[in-house]
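Spelled out from the first residue to the last, the chains are:
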Amino acid sequence: RVDEWTDVDRKRVMNDIISTMFNRKFMEELFKPQELYSKKALRTVYDRLAHASIMRLNQASMDKLYDLMTMAFKYQVLLCPRPRDILLVTFNHLDAIKDFIYESPAILNQVDETFRQLIETYNCLPDGEFQLIRQTLLIFFQDMHIRVSIFLKDKVQNSNGRFVLPISGPVPWGTEVPGLIRIFNHKGVEVKRTEFTTAGNYVTPQREGSFELYGDRVLKLGTNMYSVSRPVETHMAGSSKNVASRAKENTVPNPLAKEELNFLARLLGGLDIQKPAGGETGFRLNLFTTDEEEEHAAQTRPEDLSYKVINIKATQEPGRRAELSRILGELEVAEPRPGSAEKGEDLLALMDGL
């Protein structure tokens, strides 16, 4: 078949990607306490996951898919009524993933195991910790203002790529609808009430979303954005040549770069990329209308948004896996050994190039 997308292809691609994404070793690394890693490192892992099946995307389509993913997630985090609802958004993601692979018990078990780890790790955290998590995520995405057609059409994103916060709708669970001021005396007794008119139309939520393995999440953030079939287009806010307003990555050598490369190597070492069987070459997914449009997008993309991804194929052959382990062993030495400084500098340069 040439350029033909079937349900069989779709199911196979989804199974391969989800199976790789929820690989046990991969999840073990993600759940270890660690600093938030850079945008370039995130893009590297994302590229590996997207190509974990027979599907292939060229640079422009990959950029477009990544832009859509990052802006959709930023939108969900930004609009969470309360910090703890970030966990409900994540559960909505996993519920949707389980619907994709309900016919594959082994993969479904992988997702459920991650589900249980999330519940065990995060359900017990206080609200202050979730507030810190939310602020950390928003800081990570704060300089990304890429326009997405579905958000523009729904008027939840302005033409400059910034999201619009609603002033109506349900208030966060556990809070009251604004419009009332209570005044207390020094003994803590209420002595006066004053009402005021709000600009929005607020309502009290009927119930809290479920934080269990199964249940109604109530919150709709993190569910399918597409109520009808429509193309999604991503555009840079403003002129593609005017990138001064975007915060550029710090080019000063990062003291954590060595540890970050180590972490990435462990992650990539646990990703088993599916190789097409026999003479099968796989198929290419184009997120643009035509190949010419895709090529034009790749040529006009601002330099600071062009992610140069290095493909590491250490997982495909035992010999290469052993070589990766050897490199990791050298990286984990506390003090540089004589003659190894040059190699270390090369690896840091490689990390800076991601």
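Scroll up a little and you will see the structure.
This is a predicted model, so every value here is computed, not measured.

Draft legend 1. Structural detail: the environment of valine 177. Note on placement: valine 177 falls in the loop between strand 3 (169-170) and strand 4 (180-184). Since its relative accessible area comes to 34%, valine 177 is described here as partly exposed. For valine 177 and asparagine 201, which are 24 residues apart along the polypeptide, the C-alpha to C-alpha distance reads 9.1 Å. Discounting chain neighbours no more than four positions away, the residues touching valine 177 are Val171, Tyr202, Val203 and Thr204.

Draft legend 2. Expanded view of the packing of aromatic side chains. Under the definition given, this model contains seven aromatic pairs. Ring centres of tyrosine 75 and phenylalanine 151 lie 4.9 Å apart, and the angle between their planes is 35°; on these two criteria the pair is classed as tilted. Of the two residues, tyrosine 75 sits in helix 4 (residues 59-78) while phenylalanine 151 sits in helix 8 (residues 149-153), which places them 76 residues apart along the sequence. Phenylalanine 151 matches tyrosine 75 in its accessibility class, with the two residues each being buried.

Draft legend 3. Main features of the packing of helix 1 (residues 7-21) against helix 6 (residues 105-122). Running from amino to carboxyl end, helix 1 crosses helix 6 at an angle of 40°, the nearest separation of the two axes being 10 Å. As the angle between them shows, helix 1 and helix 6 are arranged oblique. Crossing of helix 1 against helix 6: the hand is left-handed. Two secondary-structure elements touch here, helix 1 through Asn15, Ile18 and Ser19 and helix 6 through Ile107, Gln110 and Val111.

Draft legend 4. Highlighting helix 5 (residues 85-100). Across its 16 residues, helix 5 extends 23 Å between first and last C-alpha, which sits within 8% of the 22 Å expected from 1.5 Å per residue. Looking at the buried residues of helix 5, the elements they touch are helix 1, helix 4, helix 6 and helix 7 (127-141).

Draft legend 5. Region of interest: a nonpolar patch on the surface. A cluster of nonpolar side chains, contributed by Ile181, Ile183, Val189, Val191 and Phe196, occupies part of the molecular surface with about 420 Å² of accessible area. Secondary-structure assignment places isoleucine 181 in strand 4.

Draft legend 6. Examining unusual backbone geometry more closely. Here lysine 155, not a glycine, exhibits a phi torsion of approximately 60°, which is positive. Structurally, lysine 155 is set in the loop between helix 8 and strand 3. The exposure class of lysine 155 is exposed, given its relative accessible area of 67%. At valine 218, a position not held by glycine, the phi torsion is positive, near 65°.

Draft legend 7. Region of interest: the pairing of strand 5 (residues 190-195). Counting buried positions along strand 5 yields zero of six residues, so the element is predominantly exposed. By the bridge criterion, five bridges tie strand 4 to strand 5 in an arrangement that is antiparallel. What sits directly across from phenylalanine 184, in strand 5, is glutamate 190.

Draft legend 8. Seen up close, the side chain of asparagine 92. Take asparagine 92: it is sitting in helix 5. Overall, asparagine 92 belongs to the buried group, its relative accessible area being 8%. From its side chain, asparagine 92 meets the backbone oxygen of leucine 219 in a polar contact 2.8 Å long. Look past the residues within four positions of asparagine 92 in its chain and what remains in contact with it is Arg217, Leu219, Lys220, Leu221, Gly222 and Thr223.

Draft legend 9. Main features of helix 4. An ideal rise of 1.5 Å per residue puts 28 Å on 20 residues; helix 4 measures up with 28 Å between its terminal C-alpha atoms. Of all the 20 residues making up helix 4, 15 are buried; the element is thus mostly covered by neighbouring parts of the structure. Backbone nitrogen of alanine 60 and a side-chain oxygen of the N-cap are separated by 3.2 Å at the start of helix 4; the cap is asparagine 58.

Reading the values: the criteria
- Residues numbered from 1 in each chain as written.
- Predicted model: local features only at pLDDT ≥ 70, side-chain atom pairs only at ≥ 80, totals over all residues.
- Heavy atoms only, no water.
- Helix = DSSP H or I, 4+ residues; strand = E, 2+ residues; numbered from the N terminus.
- Buried < 20%, exposed > 50% of the residue type's maximum accessible area, 1.4 Å probe, protein only.
- Contact = heavy atoms within 4.5 Å.
- Phe/Tyr/Trp six-rings, centres within 6.5 Å; stacked < 30°, edge-to-face > 60°.
- Axes fitted to C-alpha atoms, helices over the stretch in contact; angles between N-to-C directions.
- Parallel < 35°, antiparallel > 145°, perpendicular 65-115°, else oblique.
- Left-handed = near helix turned anticlockwise from the far one by under 90°.
- Expected span 1.5 Å × (residues − 1).
- Patch = residues over 30% accessible without salt bridge, like charges linked within 9 Å, V, L, I, M, F, W, Y side chains within 5 Å.
- Areas by Shrake-Rupley, 256 points an atom, 1.4 Å probe, with all protein chains shown as cover.
- Salt bridge = Lys/Arg side-chain N within 4 Å of Asp/Glu carboxyl O.
- Pairing = 2+ DSSP bridges.
- Polar contact = N/O pair within 3.5 Å; in protein donor to acceptor, adjacent residues only side chain to side chain.

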